[in-house]
Amino acid sequence: MYNLYPYFTNDGSVGLFSPEADDIYHSTYGALSEAYEKFILPANLEKYFETHKQIKVLDICYGIGYNTKSFLNFLIEKNILKINFQKNNLKKNNNIDTIHTNNISCTLNNVSIYSNNNCKTNNDIMFNKVMHDNTISIDTVYSNNTLHKNSSCNDEEVKIFIKALDMDEILFLLSPFFKQGNENDKKHNKLNFHYDKIVKLLNCKFEQKYKLKNEVNFLILNKIIDKMPQIFENKVFEEILTSRKYRAFFDSKLRGYFKLLKYKRCKYSVLRRIMSFLHNIYYSHISTSYKRAVNCFKIDNFIFEPKTGDARKSIIDDKELYNLIFLDAFTPAKCPALWSLEFFKLLYEHLEADGMILTYSSSAAVRNAMLNAGFFVGKIFNEQSNKFTGTIAVKNKSLIKYELSEYDLGLINSKAGIFYRDEKLNGLNEAIIEAREKEVEKSDKISSSAFIKRFKRSF
Ligand SMILES: C[S@@+](CC[C@H](N)C(=O)[O-])C[C@H]1O[C@@H](n2cnc3c(N)ncnc32)[C@H](O)[C@@H]1O
């Protein structure tokens, strides 16, 4: 049985807890805030896009997708990624009609798209439009998932490719549905799970610094439907999405939209006809923001490739080079498989010369593994909290804004800096931990506590 342990974090976004890893997926301070502050803002994307027209992102440990979502949200907010809302369509009686009536003339521009779909009715046209609009546009635009110049994509538009990796297929499928709640939603947190682990942290002040646009989740859902059509058959996913227990954590608009698409698939059933009827009513009453979100399907310069499985294997099989890598695995002390020297060597091979790896971890063992893999290593600084909040690894030293301090380097040279090893890139976490413990025991390096004492005394 699949267990999900959601809770509202201090910025209203939903976080998860993993009993297996005995670890939280997201900071209780705010799942969305964490993504923004540790992965998006330090990437200096505005500067990047001054000189680049495309970006390839590798989101390692996608989970429920906050890093990918914040990335898209940021680009949309900064008008770097332009979503074609088709403003004219938002006028009364225009946008709605093109979606669900016999108004073929309004969709004339798109008719060629459906020509091979053997559509028999206008309902089918509508269905195929909603279901396949992006697929068709993108598959013809980018063959082999590379960001080639194409005819339907304006040269001025930025092109975005995101590959997302995670072992957990259910989380991929659920990822677009999580809502951003408010302070009152915290009352739903008392689900019967390891609440004691997070309750103290959740008592902190509620603060919503960042807001996810509706269209980001719609965009992701559309891409997931395209790349993971099993979403319509997966029983575990459906049970969770429709369970009363979890309802408070999901966005009702997204759930409603998905339900609509799911029933639309049973082409000739009576239920489908009823749903079509309901659908028309539904569309006639939905909010403008929702209509805008549905319209964002028009975006054809964004490719999303979710990949389920062990990230080590997925990256070994990958031929792509990335500009940006988000590394958001569980804590190295419990799940070292994605923090070993060999894993960073693998990432080195997949990073562009001007690329960067960003992670929340400040572990000396992780930083040492990065250095030994050939990277220049620096720190992530959060100006708002005036704290260092993570680590950045690059091939081009000039991209480092905050260098490692004398203290950080001292720690790296102590026992704390002994990195994890996973020679064949397929070791189990337990075995990797055990091997490191033995190495630490045998090592004659200074212990981290002795180093810290000595360092403090020297001041
Ligand atoms: C800290 S959470 C990631 C949170 C995520 N970035 C988000 O925004 O929701 C860690 C994730 O790593 C995944 N994971 C753990 N080991 C993995 C592995 N070897 N390969 C791929 N994913 C892994 C888990 O399924 C979990 O979703």
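Quick notes on the rules
Residues numbered from 1 in each chain as written. Predicted model: local features only at pLDDT ≥ 70, side-chain atom pairs only at ≥ 80, totals over all residues. Heavy atoms only, no water. Buried < 20%, exposed > 50% of the residue type's maximum accessible area, 1.4 Å probe, protein only. Helix = DSSP H or I, 4+ residues; strand = E, 2+ residues; numbered from the N terminus. Pairing = 2+ DSSP bridges. Phe/Tyr/Trp six-rings, centres within 6.5 Å; stacked < 30°, edge-to-face > 60°. Expected span 1.5 Å × (residues − 1). Contact = heavy atoms within 4.5 Å. Axes fitted to C-alpha atoms, helices over the stretch in contact; angles between N-to-C directions. Near = heavy atom within 4 Å. Polar contact = N/O pair within 3.5 Å; in protein donor to acceptor, adjacent residues only side chain to side chain. Areas by Shrake-Rupley, 256 points an atom, 1.4 Å probe, with all protein chains shown as cover. Disulfide = S-S within 2.5 Å.

J.: Explanation requested: the pairing of strand β9 (residues 376-382) in the structure shown.
T.: In summary, the side chains of a regular strand alternate between the two faces of the sheet. Of all seven residues that make up β9, five are buried, and the element is covered over most of its length. Sheet topology places β9 next to strand β10 (residues 387-394); seven bridges connect them, and they run antiparallel. Looking at the pairing, K379 lines up with T391 of β10. Linking β9 back to β10 in an antiparallel pair, the connection comprises four residues, with N386 at a positive phi of about 55°. Taken together, the two bridges between β9 and strand β11 (residues 402-403) define a ladder with antiparallel strand orientation. Residue pairing in the sheet places G378 in a bridge with E403 of β11.

J.: Please clarify how the sheet that holds strand β2 (residues 14-18) should be interpreted in this entry.
T.: Paired through backbone hydrogen bonds, the strands of a sheet run either parallel or antiparallel to each other. On the basis of which strands lie adjacent, the open sheet formed by three strands has the order β1-β2-β3 and antiparallel pairing. Both edges of this open sheet fall to β1 (6-8) and β3 (23-24), since each of them pairs with a single strand only. Here β2 runs beside β3; their pairing, made up of two bridges, is antiparallel. From the neighbouring strand, S18 faces β3, where its bridge partner is D23.

J.: Would you mind showing me how to read the packing of aromatic side chains here?
T.: Where two aromatic rings form a pair, the distance of their centres and the angle of their planes describe that pair. For the structure on display, the rule yields 25 aromatic pairs. Each ring, one from F8 and one from F249, has its centre 4.9 Å from the other, and the planes form 20°; the classification is stacked. Note that F8 is positioned in strand β1 and F249 in the loop between α10 (235-242) and α11 (252-264), a separation of 241 residues in sequence. Each member of the pair, F8 as well as F249, carries the same accessibility label: buried. Relative to F258, the ring of F232 lies with its centre 5.4 Å away and its plane at 5°, an arrangement referred to as stacked. One end of the pair, F232, is in the loop between α9 (214-227) and α10; the other, F258, is in helix α11, with 26 residues separating them in the sequence. Three or more aromatic residues joined by ring pairs make a cluster, and in this case those are Y62, F172, F302 and F304.

J.: Would you explain α9 in this entry?
T.: Structural remark: α-helix, 3.6 residues per turn; residues separated by three or four positions point the same way. For α9, which comprises 14 residues, the first-to-last C-alpha distance of 21 Å matches the rise-based estimate of 20 Å (1.5 Å per residue) to within 8%. Counting buried residues along α9, 13 of its 14 residues qualify, which places the element largely inside the surrounding structure.

J.: What is the right way to look at the sheet that holds strand β6 (residues 302-308) in this model?
T.: Spatial ordering of the open sheet is given by β6-β5-β4-β7-β8-β10-β9-β11, a layout of eight strands whose pairing is mixed. The open sheet has two edge strands with one neighbour each: β6 and β11. Judged from the five bridges that link them, strand β7 (residues 322-327) and strand β8 (residues 351-359) form a sheet pairing that is parallel. Bridging across to β8, Y322 finds its partner in L351. Sheet contacts for helix α3 (residues 66-77): β4 (54-60), β5 (159-166), β6 and β7; angle to β5, the most-contacted strand, approximately 165°.

J.: What is the right way to look at the site of the ligand in this model?
T.: Contacts to the ligand come from 19 residues, most closely from H26, C61, D166, A311 and D328. At 2.6 Å, a side-chain N or O of H26 approaches an oxygen atom of the ligand. Between the ligand and Y62 there is a distance of 3.5 Å, counted from an oxygen atom to a backbone nitrogen or oxygen. Expressed as a share of its isolated accessible area of 600 Å², the protein-covered part of the ligand is 93%.

J.: I would appreciate a short explanation of the state of the cysteines in the present structure.
T.: In protein chemistry, a disulfide is the covalent bond that joins the sulfur atoms of two cysteines. In total, this model carries zero disulfides according to the counting rule given. Its sulfur unpaired, C61 is 8.5 Å from the next cysteine sulfur, which belongs to C335. Note on C335: relative accessible area 16%, which makes it buried.

J.: When you look at the pairing of β4 in this model, what are you seeing that I'm missing?
T.: Burial within β4 is extensive, with six of its seven residues counted as buried. When β4 meets β5, the two strands line up parallel, connected through seven bridges. Following the sheet pairing, I55 is matched in β5 by I160. Where β4 lies against β7, four bridges are found, and the strand directions are parallel. If you follow D59 over to β7, its bridge partner there is F326.

J.: So what exactly am I meant to see when it comes to the environment of H26 here?
T.: Structurally, H26 can be placed in the loop between β3 and α1 (31-40). H26 sits in the buried class, given a relative accessible area of 7%. Sequence-wise, H26 and T9 are 17 residues apart; in three dimensions their C-alpha atoms are separated by 8.3 Å. When residues no more than four places from it in sequence are discounted, the contact partners of H26 are Y7, V14, G15, L16, A31, E34, I64 and Y66.

J.: Is there a simple way to explain unusual backbone geometry in this structure?
T.: One can expect most non-glycine residues to show negative phi and most peptide bonds to be in trans. The phi dihedral of C61 is positive, around 70°, even though this residue is not glycine. Locating C61 in the fold gives a position in the loop between β4 and α3. Phi angles above zero are rare outside glycine, and L425 is one such case at about 55°. For L425, the position within the fold is in the loop between α17 (406-412) and α18 (429-442). Taking the relative accessible area as the measure of exposure, L425 reaches 14% and is therefore buried.

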